[in-house]
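Summary of the model geometry
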Amino acid sequence: MFPESEFQFETVSPKKVSDFILDQLEEAIILKELLSGEQLPTERELATIFKTSRLAIREALSILEERGLIEKRIGAKGGTFVLPLTLNSHMRNKAELRKDWDQMIKIFEFRSIIEPEAAYLAAKRITNEELVKLRDYLRMSIEPDCSRELFRSLDVKFHLAIAKASGNDYFEKAVRMIRTKINPALDLMPYSDRVKTVNYEGHISLLKALEKQDGEQSREIMRLHISNSENAIYSKVFSSEE
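This section reports on the structure supplied with the text.

Criteria and thresholds
Residues numbered from 1 in each chain as written. Predicted model: local features only at pLDDT ≥ 70, side-chain atom pairs only at ≥ 80, totals over all residues. Heavy atoms only, no water. Helix = DSSP H or I, 4+ residues; strand = E, 2+ residues; numbered from the N terminus. Buried < 20%, exposed > 50% of the residue type's maximum accessible area, 1.4 Å probe, protein only. Axes fitted to C-alpha atoms, helices over the stretch in contact; angles between N-to-C directions. Parallel < 35°, antiparallel > 145°, perpendicular 65-115°, else oblique. Left-handed = near helix turned anticlockwise from the far one by under 90°. Contact = heavy atoms within 4.5 Å. Polar contact = N/O pair within 3.5 Å; in protein donor to acceptor, adjacent residues only side chain to side chain. Phe/Tyr/Trp six-rings, centres within 6.5 Å; stacked < 30°, edge-to-face > 60°. Lys NZ or Arg CZ within 6 Å of the ring centre and 35° of its normal.

Positive phi, close to 55°, is recorded for Lys51, a residue that is not glycine. Looking at the secondary structure, you find Lys51 in the loop between α2 (43-50) and α3 (54-66). In this structure, Gln213 takes a positive phi of about 55° despite not being glycine. Overall, Gln213 belongs to the partly exposed group, its relative accessible area being 46%.

Here you go:
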């Protein structure tokens, strides 16, 4: 018998190899590291990459297809392709987000601590090479032909790059987790020239603070930026418009 304690062990739930593969592929798609229209490697190639059987790969791909994240095409130019998440946002609709809103609030609270502090550290540690990468992301995001999917991808890359520039991989891992949770809500957001401009202005202000190595200003701009994002998500999710 264990002595009485407030500590409790978590129950173990079995996880198949295909679940691990599914988690990694789904995260890469949600974070838009695998872009819309991009062809995945073949089952054989994925089995080599993950060092597992083709059956495990097939099971993971089947679930991704059911979730509307990929599609299989037949023919000479066939294969497995990533679908635009913003076109399938109905798969993660507002009713689903409302149902889990308590969890979303926790993510917002976590984000409000993690990302401003990551920006503060990044201002002290960011390299010229990393600053160039951030400028490139912003330049591409404001281009007239920037698609909705590419815009969302660049937004994720911008935030992840700042977390990485903090020099602390715990921040980078935390921001990856945060974006995996909130991206389905962000994919519901409208897309227009005005949205692009507002996002660009917020990011360019942050970039300038990072270039000046002003940690306090970087922290405050990031705090305001994510607060505005949270408010926009709330308004969208709880609006009466469908």
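Right, let's talk about the packing of helix α6 (residues 128-141) against helix α7 (residues 148-165) for a bit. Where α6 meets α7, the axes come as close as 9 Å, and the angle between the chain directions of the two elements is 165°. With respect to α7, the axis of α6 lies roughly antiparallel. For the pair α6 and α7, the sense of crossing is left-handed. Between α6, through Glu130, Leu134, Tyr137, Leu138, Met140 and Ser141, and α7, the contact on the second element is made entirely by Phe151, Leu154, Lys157, Phe158, Ala161, Ile162, Lys164 and Ala165.

A separate point is the side chain of Lys32. Tracing the chain through its elements places Lys32 in the loop between α1 (17-30) and α2. Ignoring anything within four residues of it in the chain, the contact list for Lys32 reads Leu85, Glu149, Arg152, Ser153 and Asp187.

Turning our eyes to something else, we now look at the environment of Gln39. You can see Gln39 is positioned in the loop between α1 and α2. For the pair Gln39 and Val82, spaced 43 residues apart in the sequence, the C-alpha separation amounts to 6.5 Å. If we ignore the near neighbours within four places in the chain, the residues touching Gln39 are Gly78, Gly79, Thr80 and Phe81. Within the structure, the side chain of Gln39 is placed 3.3 Å from the backbone oxygen of Gly78, a separation counted as a polar contact.

Our focus in this paragraph is the packing of aromatic side chains. In this structure the tally under the stated criterion is five aromatic pairs. Relative to Phe238, the ring of Trp101 has its centre 5.0 Å away and its plane inclined at 90°; by these criteria the two rings are edge-to-face. Highlighted residues: Trp101 in helix α5 (residues 101-125) and Phe238 in the segment after α10 (215-237), separated in sequence by 137 residues. Look at Trp101 and you get buried, because its relative accessible area is 9%. Taken together, the aromatic side chains of Trp101, Phe108, Tyr234 and Phe238 make up a single cluster linked through ring pairs. For the cation-ring pair, Lys173 lies above Tyr170, with the distance from its terminal atom to the ring centre recorded as 5.8 Å. In this structure, Arg219 packs its charged tip against the face of Tyr120, placed 4.2 Å from the ring centre.

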